[in-house]
Amino acid sequence: DHRDLHSFPTRRSSDLKAGNGGDGAISFHREKYVAAGGPDGGNGGKGGDVIFVADDNFSSLIDFRYKRKYVAQNGENGGAKRCTGKSAPDLIIKVPRGTVIKDAQTGRIMADISTDEPQILAHGGRGGRGNCNFATSTRQIPRFAKPGYPGEEFEVTLELKLIADVGLVGFPNVGKSTLISAVSAAKPKIANYHFTTLTPVLGVVKVSEEKSFVMADIPGLIEGASDGVGLGHEFLKHVERCRLIVHVLDASGVEGRDPREDFDIINSELENFSSELAQCPQIVAANKCDMADEEQIEHIRNYIEQKGMKFFAVSAATTHGTKELINDVAAELEKLPPVKSYEAEPITQAEIEEKALSHTKFDIEIEDGVYYVDAKWLEPVMRTISMDDYSSLQYFQQVLRKSGIIDKLEKMGINEGDTVNILGFEFDYVR
């Protein structure tokens, strides 16, 4: 089993908008021989949620490069005869397993799409109430209804962090691709030049009939990778979930590099990127040992074992030593905790307050004696009231009073008879 992940780069931004709830209806029952049938406007339907699901047929975030905005449908408006509007279908977005979704504004982790459980990222708005809900003994003909509630809206970033038990790290051309092809069914492109592997490759390594683990061939790191040099910065993210790192060295030194120096450089890059990642257990595999003499191998072995790490001399090309390496990796994995998952972080009090304010935010400017009120959230409210009806105007006045608009007008020195303009609707101010 293998999956070739064309996931460069590993980070994408998207705008999510859940559907608004449908508006409640203003309607009155009309039927032959039924006088004054009364209000019968139904409630609006619920807006669609934005839901993310893991799909193993997807191997990259490339689709999010071309489509940035995802908007769920709005709920239907209520109808006559107390008919409730139809709720909108949910918007299902499929992403590769291992995608971590964060709020772009705050960096808060909203979801880790690592299981088969669907995750609701943006909730659709509730439907507004129809005018049949507002009839009382003193207000028998309500000519207003409640608008639907707005759906949640977020700007998010998506990061693909591979779900693999073991990550292969090392300089380019040390033989990581050959090793993963030797121990699993993965068939990465292999050639003798740097950066052959431009995308991570996952391979499932079977140890026995009932025991296996997932190994990820991470593109070669170079010095400066943690600062964004080469491809390293993008792909270091892929190693973050790994429970164990197999550090592959070129024992032959055919490219004129010292394997011991390579070992220190790569570990320095891991430390610079994440101190937590640097603490991840490591097993060192000195590859291409068929091209190295015993003395070279022993020098590397002594250096690695002095650092308290296990060392294996292998030849991926001839499969020499690979079985022993894999058996030891499997044994180590049994001692380690499961693959790391990222818990969704709760919304902060500051975010809650900011959200609440956004639904009642307004600006007032005076031009030629007219008070212009800019409050976009009032638009759905104004759609569901009748300006010719006294009870509707009373309801509208309550909304203006509760939101603080009337208090602000009075602080600005408005007088009775002055003109107020709200989203194009003008009326004379009356105390």
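Within each chain, residue numbers correspond to sequence positions counted from 1 in written order. Note on the predicted model: pLDDT of at least 70 is required for a residue's local features to be given, and 80 or more for side-chain atom pairs to be given and counted; whole-chain, interface and lining totals, by contrast, use all residues. The side-chain figures draw on all heavy atoms in the structure; neither hydrogens nor water molecules are used.

**Brief notes about the environment of Tyr429**
Considering the arrangement of structural elements, one finds Tyr429 in the segment after strand E19 (425-428). The rule is simple: take the accessible area with a 1.4 Å probe, protein chains only, and divide by the maximum for that residue type; under 20% is buried, over 50% is exposed, in between is partly exposed. Given a relative accessible area of 5%, Tyr429 falls into the buried group. Note: C-alpha distance between Tyr429 and Ile414 (15 residues apart in sequence) is 7.9 Å. Note on contacts: a residue pair qualifies if any of its non-hydrogen atoms lie within 4.5 Å across the two residues. Those residues in contact with Tyr429, other than ones at most four positions away along the chain, are Ile406, Glu410, Ile414, Asn415, Glu416, Gly417, Asp418 and Val420. Strands are runs of DSSP state E lasting at least two residues, helices are runs of H or I lasting at least four, and both sets are numbered from the N terminus onward.

**Side note on helix H4 (residues 259-273)**
Helix span, as expected, comes to 1.5 Å for every residue beyond the first. For H4, spanning 15 residues, the distance from its first C-alpha to its last is 21 Å, which sits close to the expected 21 Å at 1.5 Å a residue. Pro259, Asp262, Phe263, Ile265, Ile266, Asn267, Glu269 and Leu270 are the residues of H4 that are buried. Any pair of nitrogen or oxygen atoms within 3.5 Å is treated as a polar contact; in protein, a donor-acceptor pairing is required on top of that, and neighbouring residues in sequence qualify only through side-chain atoms on both sides. Where H4 begins, one side-chain oxygen reaches toward the backbone nitrogen of Arg260, 3.0 Å away; that side chain belongs to Asp258.

**Examining the packing of aromatic side chains**
The description of two aromatic rings rests on the distance between their centres and on the angle between their planes. The pairing test for Phe, Tyr and Trp rings, Trp by its six-membered ring, is centres within 6.5 Å, and the orientation test on the planes gives stacked under 30 degrees, edge-to-face over 60, and tilted for anything in between. In this structure the tally under the stated criterion is five aromatic pairs. For the pair Phe134 and Phe144, a centre-to-centre distance of 5.1 Å together with 40° between the ring planes defines the contact as tilted. Here Phe134, found in the loop between strand E8 (119-122) and strand E9 (153-160), pairs with Phe144, found in the loop between E8 and E9; they are ten residues apart in sequence, far enough to count as distant. Residue Phe134 is classed as buried on the basis of its relative accessible area, which comes to 9%. Under the relative-accessibility criterion, Phe144 is labelled buried at 1%.

**Description of the side chain of Gln282**
Turning to its location among the elements, Gln282 is positioned in strand E14 (residues 282-287). Excluding residues that lie within four positions of it along the chain, Gln282 makes contacts with Leu244, Ile245, His247, Phe263, Asn267, Leu270 and Met309.

**What about the pattern of salt bridges?**
Any two side chains of opposite charge can pair, on the condition that their charged atoms come close. Throughout this description, the term salt bridge denotes a Lys or Arg side-chain nitrogen within 4 Å of a carboxyl oxygen of Asp or Glu. Under the defined criterion, the tally for this structure stands at 19 salt bridges. We note a salt bridge from Glu334 to Lys211, for which the minimum N-O separation is 2.8 Å. A residue pair is termed long-range when its members are at least 10 positions apart, and Glu334 in helix H7 (residues 322-335) and Lys211 in strand E12 (residues 211-217) qualify at 123 residues. The exposure class assigned to Glu334 is exposed, which follows from its relative accessible area of 55%. Residue classification places Lys211 among the partly exposed residues on the basis of a relative accessible area of 33%.

By themselves, these figures tell us nothing about what the structure is for.
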